Amino acid sequence: MFKEVELLVFHSPKLERWKITAFLQPETNLTKYENGTDKPPEYYGITLRISEMYFIPLENPNKPTDLGIKVLLKNYIVHKDNPRLREAVYVHIEHLIGEKSFANDIAFIEIGQLEGDDKNQIELYNLKSYIDIEMNN
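Calculation criteria
- Residues numbered from 1 in each chain as written.
- Predicted model: local features only at pLDDT ≥ 70, side-chain atom pairs only at ≥ 80, totals over all residues.
- Heavy atoms only, no water.
- Phe/Tyr/Trp six-rings, centres within 6.5 Å; stacked < 30°, edge-to-face > 60°.
- Helix = DSSP H or I, 4+ residues; strand = E, 2+ residues; numbered from the N terminus.
- Buried < 20%, exposed > 50% of the residue type's maximum accessible area, 1.4 Å probe, protein only.
- 1 Å grid on protein atoms, 1.4 Å probe; cavity = no way out; pocket = protein on both sides within 12 Å on 5 of 7 lines; lining within 4 Å.
- Points joined across faces, edges and corners; volume = space filled by probe spheres on them.
- Nonpolar A, V, L, I, M, F, W, Y, C, P; charged D, E, K, R; others polar.
- Salt bridge = Lys/Arg side-chain N within 4 Å of Asp/Glu carboxyl O.
- Polar contact = N/O pair within 3.5 Å; in protein donor to acceptor, adjacent residues only side chain to side chain.
- Contact = heavy atoms within 4.5 Å.

Sorry if this is basic, but what is going on with the packing of aromatic side chains here?
Overall, the coordinates contain four aromatic pairs when judged by the stated rule. Summarising the aromatic geometry, the rings of Tyr 90 and Phe 102 are spaced 5.5 Å apart at their centres and angled 65° between planes, so their arrangement reads as edge-to-face. With Tyr 90 in helix H4 (residues 85-97) and Phe 102 in helix H5 (residues 99-105), this pair connects stretches of sequence that are twelve residues apart. The class of Tyr 90 is partly exposed, set by a relative accessible area of 28%.

Below is the structure:
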């Protein structure tokens, strides 16, 4: 499907003052997350600040090339029973890394509570950099 969308955009007519982009693009300005000044959007009663979200890379022993992540939330306990939680987390990740990377680069996602300071946890806003480094090695 991605190829078809890319071809459609490539062959679309050029319009003055219009820029046609095939997919939701990755966030490039991470300053607000690094500074903790991001404003959390509300998603069906769920408010998650990207600056307070972390992830731990996961491996599937049966498919070592598949990248999985466990997203750690500061307030997972508050939202864990909300049926929209997974959807809210997915929307945040897609916004951060872009639609194409979200679909192609992450094989599975788990969600859990952020507890203490785990040396393996990485700020979620660094997920795109992590994917770019991991996929190129």
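That shown, we press on.
Which parts of the structure should I look at to understand the environment of Asp 118?
Along the chain, Asp 118 turns up in the loop between strand S5 (108-113) and strand S6 (122-123). The exposure class assigned to Asp 118 is partly exposed, which follows from its relative accessible area of 30%. Along the primary structure Asp 118 and Ile 56 are separated by 62 residues, whereas in three dimensions their C-alpha atoms are 9.0 Å apart.

Which parts of the structure should I look at to understand the layout of surface pockets?
Any space left empty among the atoms is revealed by the rolling of a water-sized probe across them. Taken as a whole, the largest pocket encloses approximately 190 Å³ of empty space. Taken together, ten residues make up the lining of the largest pocket; nearest its centre are Glu 59, Pro 64, Asp 66, Leu 67 and Glu 134. Ranked by residue count, the leading element in the lining of the largest pocket is strand S4 (residues 63-73), at four residues. One number sums up the size of the second largest pocket: a volume of about 160 Å³. At the level of elements, helix H2 (31-35), strand S1 (42-43) and H4 are the ones that each hand at least two residues to the lining of the second largest pocket. Among the elements that line the lining of the second largest pocket, the one with the most residues is H4, at three residues. Counted by class, the lining of the second largest pocket contains five nonpolar, two polar and four charged residues.

When you look at the pattern of salt bridges in this model, what are you seeing that I'm missing?
As a working rule, side chains carrying opposite charge can pair if their charged atoms are close by. One pass over the structure, following the stated rule, counts five salt bridges. For Glu 52, the salt bridge identified is with Lys 74, shortest N-O distance 3.4 Å. Of this pair, Glu 52 sits in the loop between strand S2 (46-47) and strand S3 (54-60) while Lys 74 sits in the loop between S4 and helix H3 (76-79), and the two are 22 residues apart along the sequence. Accessibility expressed as a relative area gives 27% for Glu 52, which makes it partly exposed. Residues Glu 87 and Arg 84 are paired through a salt bridge, measuring 3.3 Å at the closest nitrogen-oxygen approach. Judged by relative accessible area, Arg 84 falls into the partly exposed class, the value being 30%.

Even after reading the chapter, I still don't get the side chain of Asp 38, so can you show me in this structure?
When you line up the elements, Asp 38 lands in the loop between H2 and S1. Only 3.0 Å separates the side chain of Asp 38 from the backbone nitrogen of Ile 50, close enough to count as a polar contact. Here Ser 51 takes part through its side chain, which lies 2.6 Å from a polar atom of the side chain of Asp 38. Those residues within four positions of Asp 38 in sequence are excluded, and the remaining contacts are Lys 32, Tyr 33, Arg 49, Ile 50 and Ser 51.

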